[in-house]
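Chain and residue survey
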Amino acid sequence: MRVDIISIFPEYFAPLDVSLMGKARERGILDIHLHQLRDWTHDVHRTVDDTPYGGGPGMVMKPEVWGEAVDAVIDGGRAALGADALPRLIVPTPSGRPFTQEVALEYAGEPWLLFAPARYEGIDSRVVAEYGERLRADEVSIGDYVLAGGEAAVLVMVEAVGRLLPGVLGNARSVADDSFAPGAMANLLEGPVYTKPPVWRGHEVPEVLLSGHHGRIARWRRDEALRRTLDRRPELVARLDRDGLDKHDRRV
Ligand SMILES: Nc1cc(-c2ccc3ccn(Cc4ccccn4)c3c2)[nH]n1
């Protein structure tokens, strides 16, 4: 998968050089290209923002600069992926559609993602309108809180998508077991996890996990996941009622 990121803070993405994403890049599973938005300005101050039409606080990012940057990055990607290739344009914003595991799975199936993290009060809305005419352009929110810009959201999305790519997670870890992944654990939060020692500061590991009885362990884990989900995210259990409770679940 090719990923292009255009930002006035490309250094924000240094974390993508380390750990799982760094290894995925070294192994050629993920091909990330960073671009400095200001490289597409033409004034001495390398200006990327201006005052909002209609007044109001803050500044809005200029459409001309973003348009030149996105056009150039598309041309660059096409040199590698083919003359007709087009990216999925993803613009993080508090007003976007929710970024969920389902959306992450959708993006993981794409050959090319182009992220446009903004600053200030966002990007002139005509930019998404312009590109939405010829490619899939999504305005996406990673949660109901307001960040200072889109870069942190891009880090979150690249990690959530990148870990789904074949070969990124070791064999020991299957994305099928993820919370929110389709299937048996869909819409259930992860339950508690333990490792050695069996007793730590007087806290014991639940006996069932030391029993070696795989059936009982699986049932205990699902019960604990259901208990935690009921306690912390009851609205997810409503979905389970429709899609995923089995005959033993009612006991929790
Ligand atoms: N889930 C999300 C996404 C964001 C996000 C994404 C991009 C930008 C560019 C600027 N801001 C600050 C901003 C935007 C609008 C109103 C007030 N502040 C952003 C915030 N916050 N929370």
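Keep in mind it's a predicted model, so treat the numbers as computed, not measured. (Residues numbered from 1 in each chain as written. Predicted model: local features only at pLDDT ≥ 70, side-chain atom pairs only at ≥ 80, totals over all residues. Heavy atoms only, no water.)

Comments concerning the confidence of the model for the chain
Threshold: Summary of the metric used: pLDDT quantifies the predictor's per-residue confidence within the range 0 to 100.
In the predicted model, the chain carries a mean pLDDT of 94, and the fraction of residues at 70 or more is 93%. Two numbers describe this predicted complex: its pTM, 0.93, and its ipTM, 0.98.

Let's talk about the site of the ligand
The line we're drawing: Whether a residue is near a molecule or strand depends on its heavy atoms: if one lies within 4 Å, it is near. In the analysis that follows, any N or O atom pair within 3.5 Å is treated as a polar contact, provided that within protein one partner can donate a hydrogen and the other can accept it, and provided that, for residues neighboring in sequence, both atoms belong to side chains. Per-residue accessibility takes into account occlusion by the displayed protein chains alone, with areas from the Shrake-Rupley method and a 1.4 Å probe. Strands here are runs of E lasting at least two residues and helices are runs of H or I lasting at least four, both read from the DSSP assignment and numbered beginning at the N terminus.
Surrounding the ligand, one finds 16 residues, the nearest of these being Y120, S141, G143, Y145 and L147. Here a nitrogen atom of the ligand and a side-chain polar atom of S141 are 3.2 Å apart. The separation between a nitrogen atom of the ligand and a polar main-chain atom of L147 is 2.9 Å. A total of 490 Å² of accessible area belongs to the ligand in isolation, and the protein chains cover 85% of it. The element that contributes the greatest number of residues to the shell around the ligand is strand β5 (residues 88-98), accounting for three residues.

Focus on helix α3 (residues 101-108)
For clarity, the threshold we go by: Throughout, exposure labels follow a simple rule: accessible area from a 1.4 Å probe, protein chains only, divided by the maximum for the residue type, with under 20% read as buried, over 50% as exposed, and the rest as partly exposed. Think of it as the arc spanned by the lines of direction from the helix axis to the C-beta atoms. Between two residues, a contact is recorded if the distance between any of their heavy atoms is within 4.5 Å.
Those residues of α3 lying buried are Q101, V103, A104, Y107 and A108. Along the axis of α3, the buried positions cluster into a sector of 155 degrees, meaning they face one direction only. Close packing links the buried residues of α3 with β5, β6 (112-115), β7 (137-141) and α5 (151-162).

So, the pattern of salt bridges
Going by this rule: Basic side-chain nitrogens of Lys or Arg form a salt bridge, by our definition, when they fall within 4 Å of a carboxyl oxygen of Asp or Glu.
One pass over the full model with this rule turns up 16 salt bridges. Of the charged contacts in the structure, one is a salt bridge between K62 and E64, with a shortest N-O distance of 3.9 Å. Salt-bridge contacts for E151 lead to R119; the nearest nitrogen and oxygen are separated by 2.8 Å. Linking E151 in helix α5 with R119 in the loop between β6 and α4 (126-132), this pair joins segments that are 32 residues apart in sequence. Taking the relative accessible area as the measure of exposure, E151 reaches 0% and is therefore buried. Among the charged side chains, a network of salt bridges with common partners joins R88, R97, E106, E110, R136 and D138.

Points about the side chain of R88
Relative to the elements of secondary structure, R88 occurs in strand β5. By relative accessible area, which is 2% here, R88 ends up buried. Non-local contacts of R88, meaning those with residues more than four positions away in its chain, are made with R97, E106, Y107, E110, W112, L113, L114, R136 and D138.

What about the sheet that holds β5?
Selection criterion: If DSSP finds at least two bridges between two strands, the strands pair. Between N-to-C directions, angles cover 0 to 180 degrees, with each direction set by a line fitted to C-alpha atoms, over the stretch in contact for helices.
If you walk across this open sheet you meet the five strands as β2-β1-β6-β5-β7, and the pairing is parallel. Looking at strand neighbours, the two that pair on one side only are β2 (31-36) and β7, the edges of this open sheet. Direction aside, the axes of adjacent strands within the sheet are offset by 30 degrees on average. Pairing geometry for β5 and β6, over three bridges, is parallel. Paired with I90 across the two strands is F115, which belongs to β6. Sheet strands in contact with α3 are β5, β6 and β7, and its direction is about 170 degrees off that of β5.

A closer look at the pairing of strand β1 (residues 2-7)
To keep it simple, the criterion reads: Orient the strands so they point away from the viewer; a crossover is then right-handed if the path from the first strand over the helix to the second runs clockwise.
For β1, the buried fraction is high: six of the six residues fall into the buried class. The alternating pattern of β1 places R2, D4 and I6 and V3, I5 and S7 on opposite faces, both of which are buried. Relative to β2, β1 runs parallel, the two sharing six bridges. Each residue of the ladder has a partner; that of V3, found in β2, is I32. Note that the unit made of β1, helix α1 (residues 19-26) and β2 has a crossover that is right-handed. The pairing of β1 with β6 spans four bridges and is parallel. Within the sheet, the bridge partner assigned to R2 lies in β6 and is W112.

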